[in-house]
Amino acid sequence: MGDAVSDLSRHLSWAECLRGSGVSDPGELPLEIRANIERMARTLFEPIRAEWGDPLLVVSGYRDAKANKAADGKKRSKHLDGLALDLVPARGKGDLPAYYDLIAAMQKDGRLPPGGLSLYVEPDGRTPRFLHSDI
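Quick caveat, the model's predicted, so the values are computed rather than measured.

**Digging into the sheet that holds strand β5 (residues 117-121)**
No. 1: An order of β3-β4-β6-β5 is seen for the four strands of this open sheet, with the pairing classed as antiparallel. Sheet topology places β3 (56-60) and β5 at the edges, where each strand pairs with a single neighbour. Sheet twist, expressed as the average angle between the axes of neighbouring strands with direction ignored, equals 35°.
No. 2: Examined bridge by bridge, β3 and strand β4 (residues 84-89) share four bridges and lie antiparallel to one another. Residue pairing across strands places serine 60 opposite aspartate 86, the latter belonging to β4.
No. 3: Contacting β3, β4 and β6 (128-134), helix α2 (residues 31-52) runs over the sheet at an angle of about 15° to β4.

**A word on the environment of arginine 63**
No. 1: With respect to the helices and strands, arginine 63 occurs in the loop between β3 and α3 (65-70).
No. 2: A C-alpha to C-alpha distance of 5.5 Å links arginine 63 and histidine 79, two positions 16 residues apart in sequence.
No. 3: Not counting residues up to four positions away in its chain, the partners in contact with arginine 63 are Ser21, Asn68, Ala71, Gly73, Ser77, His79, Leu80 and Asp86.
No. 4: At 2.8 Å, the side chain of arginine 63 and the side chain of asparagine 68 are in polar contact.

**Remarks on the side chain of serine 9**
No. 1: Mapped onto the secondary structure, serine 9 falls in strand β1 (residues 7-9).
No. 2: Assessed through its relative accessible area of 13%, serine 9 is described here as buried.
No. 3: A polar contact is formed between the side chain of serine 9 and the side chain of glutamate 46, at a distance of 2.7 Å.
No. 4: Leave out the neighbours within four places in its chain, and serine 9 touches Ala41, Phe45 and Glu46.

**Observations concerning α2**
No. 1: Over its 22 residues, α2 runs 30 Å from end to end, which matches the ideal 32 Å to within 8%, given 1.5 Å per residue.
No. 2: Maximum bend of α2: about 35°, positioned at alanine 41.

**Quick look at the pattern of salt bridges**
No. 1: This model, assessed by the stated rule, comprises six salt bridges.
No. 2: Of the charged contacts, one joins glutamate 51 and arginine 111 as a salt bridge, the two residues approaching to 3.3 Å between their closest N and O atoms. Here the residue glutamate 51 occupies a position in helix α2, and arginine 111 occupies one in the loop between α4 (96-108) and β5, the gap between them amounting to 60 residues.
No. 3: On the accessibility criterion, glutamate 51 (42% relative accessible area) is partly exposed.
No. 4: On the accessibility criterion, arginine 111 (38% relative accessible area) is partly exposed.
No. 5: Arginine 91 is the partner of aspartate 54 in a salt bridge, and the nearest nitrogen-oxygen pair spans 3.2 Å. Of this pair, aspartate 54 sits in the loop between α2 and β3 while arginine 91 sits in the loop between β4 and α4, and the two are 37 residues apart along the sequence.
No. 6: Looking at arginine 91, the relative accessible area reads 55%, which means it is exposed.
No. 7: Put simply, Glu51, Asp109 and Arg111 are held in one network by salt bridges that share partners.

The rules we used
- Residues numbered from 1 in each chain as written.
- Predicted model: local features only at pLDDT ≥ 70, side-chain atom pairs only at ≥ 80, totals over all residues.
- Heavy atoms only, no water.
- Pairing = 2+ DSSP bridges.
- Helix = DSSP H or I, 4+ residues; strand = E, 2+ residues; numbered from the N terminus.
- Axes fitted to C-alpha atoms, helices over the stretch in contact; angles between N-to-C directions.
- Contact = heavy atoms within 4.5 Å.
- Polar contact = N/O pair within 3.5 Å; in protein donor to acceptor, adjacent residues only side chain to side chain.
- Buried < 20%, exposed > 50% of the residue type's maximum accessible area, 1.4 Å probe, protein only.
- Expected span 1.5 Å × (residues − 1).
- Bend = angle between axes of the 7 residues up to and from the residue.
- Salt bridge = Lys/Arg side-chain N within 4 Å of Asp/Glu carboxyl O.

Printed below as a string of structure tokens:
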């Protein structure tokens, strides 16, 4: 297991997953949450990153209850369990619809574990904001 500045997986760091979470060091997390985050990095993030082929920016990863409330997250959000990521392609938010389609196809054909997938938009109802994916 890594620490707050080390790699969680090839393209994802603990620092990215914990930014804004209310936790600064993975050692502060319960073992089950740490294991969930490690599994999410391996079975969700890395396959998406490999297929997408370009960097992805983490908008939100793990959240403790206080951070989840501040983010207006759902009471049973997968972020609380370390099983969700909100992401944007590094090339920009304009790629979000294609990115959504890619993840949906990967979930459908079994390249990703079953889970949630949502495309969040700005208040104008049209402009993509970020993509939520969970297991």
